[in-house]
Amino acid sequence: MPSANPRQLAFSVLCRVDEGAYADLALDAAFQQETPLDPRDRGLATELVYGTLRRRGRLDFALARLCSKPLAKVEPRVLNLLRLGAYQILFLDKVPAPAAVHETVELARREQLERATGFINGILRNLIRQREEIPWPDATEPVVYLEKLAAFPHWLARSWAQRFGGEAAVALADALLQPAPFTVRVNTLKISRENFLDQLKSRGMDGTPTLFAPEGVVISHRGGAALPGDSEGWYQVQDEASMLIAHLLAPKPGEKLLDACAAPGGKTTHLCALGGNELEVLALDLHPQRARLVTSGAARLGCRGITARAWDLTQLPPFLAPASFDAILVDAPCSGLGVLRRNPEIRWRRTAADIAHMAEQQQAILANTAALVKPGGRLLYSVCTLTEEETDGVVQAFLAAHPDFVAEDLCESVPPAWRELFGEDGRLRTWRRSDTGMDAFFAVALRRRPL
């Protein structure tokens, strides 16, 4: 990794993303390998990585107008430098445009790309001169807008425009290009949200309650210090949409639950908190190391009754008896298109074939958990995506193959303020409110008919 220079660190992470790494994991790894960074430099590196990835479509649209050859023929490392410089010029008001050019050219030299410095310098200086004249596509052509400015592949841009309508598709894409808020779920096994907010205030930090989740807090300012109760397990970093899922399963003390795809364990431990630590929870995950994450997270938060083990639920679990669980959560692996704010690179990695494959996998997991639900018991299916195939399509196929299950209207059991997040069919679709700052989640409640 490079020396403690935020631009060089960001460039290194962007190159790793090009090689297939996930931005959040690559950035965390870079921070861990680096000498300690000043909080401001850490913040700049984070802004440069996520900003460049989120705005890659807009950056490439601008750069393509100024480049003498197609961007596809520009050396990838040079293109990443151009994107870094262009992001600072177009989006970072606190960085003077000439300074952005200078820093990018110097970074090229440090990366042994001296041969490209004239090319980079010329394009970025032209961008400064011409940035007010760029003919950006607008929302009147939603597919073009989604492709050129949101960097969606054509199949996805067309799908969203057809499904949601042009105006709604553009609004949703724009919302998912914004930085995600830093949100935590207060661990009510140890502290109330009110007391946690008081602790934040006493340390000079700012936090506000989330709009819907009763345990959520949005941290708006904390400086470089750790949050109160970090070692004591007072909180879990978790998006507000994710916090809604455990509430929808509505665990009751004394129940036996299965979290079918549990890692890293945020929803598993939330179930325990809602059940007053009086539940028996089996947490399964495909990979042993991820199952261990659930165990360590439960220990940190003081959650009892959780047993974690590795199992691939696309295969029948022979160690589990039929009709042995009161309720099951299937928060299934999915395309992840609802968390583009956190993993913006996903949108150009997914293909239509991937979506079909994910839907098949989700159907297999649901089928293999269905027989484990007691008659009269609950099965909650959720995904952090919004494709038709992985949401309503999976549910339709499941219900057709399992007549002993019926979809329930979740609106009948949630607080009135939540109902705007649900469709007329009673299924959670958090993207119905694109202004909430939440990830895009889908969930449906499936009840096994009593005998």
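Here the structure is a predicted model, which is why all the values come from computation and not from measurement. All chains use their own residue numbering, which begins from 1 and follows the written sequence. For a predicted model such as this one, the threshold for reporting local features is a pLDDT of at least 70, and the threshold for listing and counting side-chain atom pairs is 80 or more; totals across whole chains, interfaces and linings nevertheless cover every residue. Side-chain metrics in this entry use all non-hydrogen atoms of the structure; hydrogen atoms and water are not considered.

A few points about helix H5 (residues 76-91)
Reasoning step 1: Secondary structure is summarised from DSSP: a helix means a run of H or I of at least four residues, a strand means a run of E of at least two, and numbering begins at the N terminus for each. Each residue after the first adds 1.5 Å to the expected span of a helix. The end-to-end C-alpha distance of H5 is 22 Å, a good match for the 22 Å that 16 residues give at a rise of 1.5 Å each.
Reasoning step 2: Each residue is placed in one exposure class: buried if its accessible area under a 1.4 Å probe, protein chains only, is under 20% of its type's maximum, exposed if it is over 50%, and partly exposed if it falls in between. Of all the residues in H5, the buried ones are Val78, Leu79, Asn80, Leu81, Leu82, Arg83, Leu84, Gly85, Ala86, Tyr87, Gln88 and Ile89.

Regarding the packing of helix H1 (residues 6-18) against helix H2 (residues 23-33)
Reasoning step 1: Where H1 contacts H2, the axes come no closer than 9 Å and their chain directions differ by 140°. On the basis of their axis angle, the class for H1 and H2 is oblique. Pair H1 / H2 crosses with right-handed handedness. Contacts between H1 and H2 involve Leu9, Val13, Arg16 and Val17 from the former and Ala23, Ala26, Leu27, Ala29, Ala30 and Phe31 from the latter.
Reasoning step 2: Residue type decides the class: Asp, Glu, Lys and Arg count as charged, Ala, Val, Leu, Ile, Met, Phe, Trp, Tyr, Cys and Pro as nonpolar, and the leftover types, Gly among them, as polar. Residue classes in the contact of H1 with H2 are distributed as 9 nonpolar, no polar and 1 charged. For every element, the axis is a line fit to its C-alpha atoms; helices are fit only across the contacting stretch, and the angle between N-to-C directions ranges from 0 to 180 degrees. Throughout this description, any angle smaller than 35 degrees is read as roughly parallel, any larger than 145 degrees as roughly antiparallel, any in the 65 to 115 degree range as roughly perpendicular, and the remainder as oblique. Two helices that cross are described as forming a left-handed crossing if the nearer one is turned anticlockwise from the farther one by less than a right angle, and a right-handed crossing if clockwise. Whether two residues touch is decided by their heavy atoms; if any such pair falls within 4.5 Å, the residues are in contact.

A look at the side chain of Lys267
Reasoning step 1: Within the secondary structure, Lys267 sits in helix H13 (residues 266-274).
Reasoning step 2: Any N or O atom pair separated by 3.5 Å or less is treated as a polar contact, with the protein-specific requirement of one donor-capable and one acceptor-capable atom, and with residues adjacent in sequence counted only for side-chain atom pairs. Polar contacts involving the side chain of Lys267 include one to the side chain of Ser242, which spans 3.2 Å.
Reasoning step 3: Setting aside chain neighbours within four positions, we find Lys267 in contact with Gln238, Ser242, Ile245, Ala246, Asp259, Leu329, Asp331 and Phe441.

Observations concerning the UniProt feature "active site" (unreviewed entry) in the protein
Reasoning step 1: UniProt positions are given in the numbering used here, feature names are shortened, and annotations may be inferred rather than shown by experiment. Following the UniProt record, one finds the feature "active site" (unreviewed entry) at Cys384.
Reasoning step 2: Counting through the fold element by element, Cys384 comes out in the loop between strand E9 (373-383) and helix H16 (392-401).
Reasoning step 3: If sequence neighbours within four positions are ignored, Cys384 has contacts with Cys334, Gly336, Leu337, Gly338, Val339, Ala440 and Phe441.

A short note on the pattern of salt bridges
Reasoning step 1: Salt bridge, as used here, is a side-chain nitrogen of Lys or Arg placed within 4 Å of a carboxyl oxygen of Asp or Glu. Under the defined criterion, the tally for this structure stands at 23 salt bridges.
Reasoning step 2: Of the charged contacts in the structure, one is a salt bridge between Arg40 and Asp38, with a shortest N-O distance of 3.1 Å.
Reasoning step 3: By relative accessible area, Arg40 is classed as exposed at 68%.
Reasoning step 4: Connected through salt bridges with shared partners, the residues Asp239, Arg341, Arg342 and Asp439 form a single ionic network.

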